[in-house]
Amino acid sequence: MALGALFACLALAVAHASAIVLHTSSRWILDSNNQRVKLRCVNWAGHMEVGIPEGLQFQTPETIANWIASNGFNCVRLTFSIDRALNPTRLVRDSFTAAAGPAGVSASTMQSLYNTVVAKNSWISSATLEQAYARVIDALGARGVLVMLDNHNSRAGWCCSTSDGNGWWASASGYNAANSQYFDVNNWLNGLRAMATLAKSHSNVVGLALRNELRAVGSQDGNNHADWYNFVGQGLNAVHSANADLLIVVGGVSYATDFSFLGSNPLNRTAFGNKVVYEFHNYQWTFSTNDCNRHKSLLGQRAGYLLTQNQAYTGPLWLSEFGWAQSNPSADENAYASCLVSYMQSNDAEWAYWALMGSYYVRSQSVNFDEGFGLLNHDWSGWRNGSFLNTIGKMMQVTQGP
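First, a word on scope: everything that follows refers to the structure included in this document. (Residues numbered from 1 in each chain as written. Predicted model: local features only at pLDDT ≥ 70, side-chain atom pairs only at ≥ 80, totals over all residues. Heavy atoms only, no water.)

### Details of the pattern of salt bridges
- Across all of its chains, the model carries 10 salt bridges by this definition.
- The partner of D348 in a salt bridge is R36, and the shortest N-O contact between them spans 2.5 Å. With D348 in the loop between α13 (331–347) and β10 (350–353) and R36 in the loop between β2 (28–30) and β3 (40–44), this residue pair connects regions lying 312 residues apart in the sequence.
- Residue D348 is classed as buried on the basis of its relative accessible area of 1%.
- What makes R36 buried here is its relative accessible area of 13%.
- Across the salt bridge formed by R77 and E279, the nearest N and O atoms sit 3.5 Å from each other. (Salt bridge = Lys/Arg side-chain N within 4 Å of Asp/Glu carboxyl O. Helix = DSSP H or I, 4+ residues; strand = E, 2+ residues; numbered from the N terminus. Buried < 20%, exposed > 50% of the residue type's maximum accessible area, 1.4 Å probe, protein only.)

Below you can see the structure in the form of structure tokens.
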């Protein structure tokens, strides 16, 4: 059996055995039979201005889902904006029209792009934003692929910077800056509830992440991170009250790179049973070092220690974003990839590569913007770099368990 087909069979087996309601125990994610389910995911963006998952100008959801499953990935981190979550009945065609200004392109350009999407996916001509998401989720579910929903931002658009207006809690705690102008606490909580409710109709949606790459750090949040604990608690309550079956994913501060504070003040997870998963991000530039030993040490200090068993802070730790250029990576990127793979193989943690996308509808005011980190090529028809599975080595395997 070919390697890709073998991985696909394994992915299907994991998904079906899980009964699609997962829970945590110590550092593990388990199914209803208490068997480990290791997340081996790709990121599929749906948080941009048009409000639907990327790539449908080139392929159908079913074609993309086939590629994901046949290459051994057992889950997708599917991103969304609060704008999308709170406008489920907006027609896709109207969303493309409304996206012209925010995306920085003309209305005629967006109409032409929409026509391309419809030519490839005729069903979308009458679809709402929620129906488009449902089509993608169900295409993945039909192929045994789990979905972890991710609240990537509030205002739909590219993420993340300190000036994109999508900062998290700052507007609620009095920090007045461009970083937080689009964040509204009630809208955020209502968006989480809406997506948690949507998940009830799709059995392969097993988790929901509260917020991507929290940027409020230091003086904005205080040294004790009181705002983090406050708003994480509110988010956990919102999701759990709407859908108690879901795993709930919580990120650290400093762009999801720092959980060092949890060791001395663990998050109170009592009310949410065995449903909380931690997520962190890591890229070649995260720690500003090319020394692999130093990089691994910082990974351990900032997040990896959460995998230590039988501690108050212990929980599953999901590397929900990492990546590097798939076309012509630099020497530094290759060294980073080798170092990170070594670290991940040693602890057998959950992961999600950024990104699946070969291109975007619109990014940086450019239509069909090419994603150099994308596993898929520009038209989403195949590998951008066929050596990827060899590069990540045993990360695809399950080598540890409870």
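Right, picking up where we left off after that structure.
### Examining the environment of L267
- The topology assignment puts L267 in the loop between α11 (253–256) and β8 (276–281).
- Take L267: its relative accessible area is 7%, and that puts it in the buried class.
- Along the primary structure L267 and G233 are separated by 34 residues, whereas in three dimensions their C-alpha atoms are 8.7 Å apart.
- L267 has contacts with W228, Y229, V232, L236, L262, V276 and Y278, leaving out every residue within four places of it along the chain. (Contact = heavy atoms within 4.5 Å.)

### Comments concerning the state of the cysteines
- Applying the stated criterion to the full structure yields three disulfides.
- Sulfur-sulfur distance for the disulfide between C41 and C75 comes to 1.7 Å. Handedness of the C41-C75 disulfide follows from its S-S torsion of about 80 degrees: it is right-handed. With C41 in strand β3 and C75 in strand β4 (residues 75–81), this residue pair connects regions lying 34 residues apart in the sequence. Each member of the pair, C41 as well as C75, carries the same accessibility label: buried.
- The connectivity of the disulfide-linked cysteines in the chain, indexed sequentially, is 1-2, 3-4, 5-6. (Disulfide = S-S within 2.5 Å.)

### Some details on the pairing of β4
- Counting buried positions along β4 yields seven of seven residues, so the element is predominantly enclosed.
- Alternating positions in β4 separate into two faces, C75, R77, T79 and S81 on one and V76, L78 and F80 on the other, with burial throughout.
- The pairing of β3 with β4 spans four bridges and is classified as parallel. Note on β4: the bridge partner recorded for C41 is C75.
- Note that the unit made of β3, helix α2 (residues 61–70) and β4 has a crossover that is right-handed. (Pairing = 2+ DSSP bridges. Right-handed = clockwise from strand over helix to strand, strands pointing away.)

### Re helix α6 (residues 107–120)
- Between the first and last C-alpha of α6 there are 20 Å, a value that for 14 residues agrees with the 20 Å anticipated at 1.5 Å per step.
- Buried residues along α6 sit in contact with α4 (92–98), α5 (100–103), β11 (359–363) and β12 (366–370). (Expected span 1.5 Å × (residues − 1).)

### A word on the sheet that holds β10
- One closed barrel holds the eight strands; their spatial order is β3-β4-β5-β6-β7-β8-β9-β10, and the pairing between them is parallel. Each strand of the sheet is rotated relative to its neighbour by a mean of 30 degrees, with strand direction disregarded. (Axes fitted to C-alpha atoms, helices over the stretch in contact; angles between N-to-C directions.)

Geometric descriptors of this kind do not, in isolation, establish any biological role.
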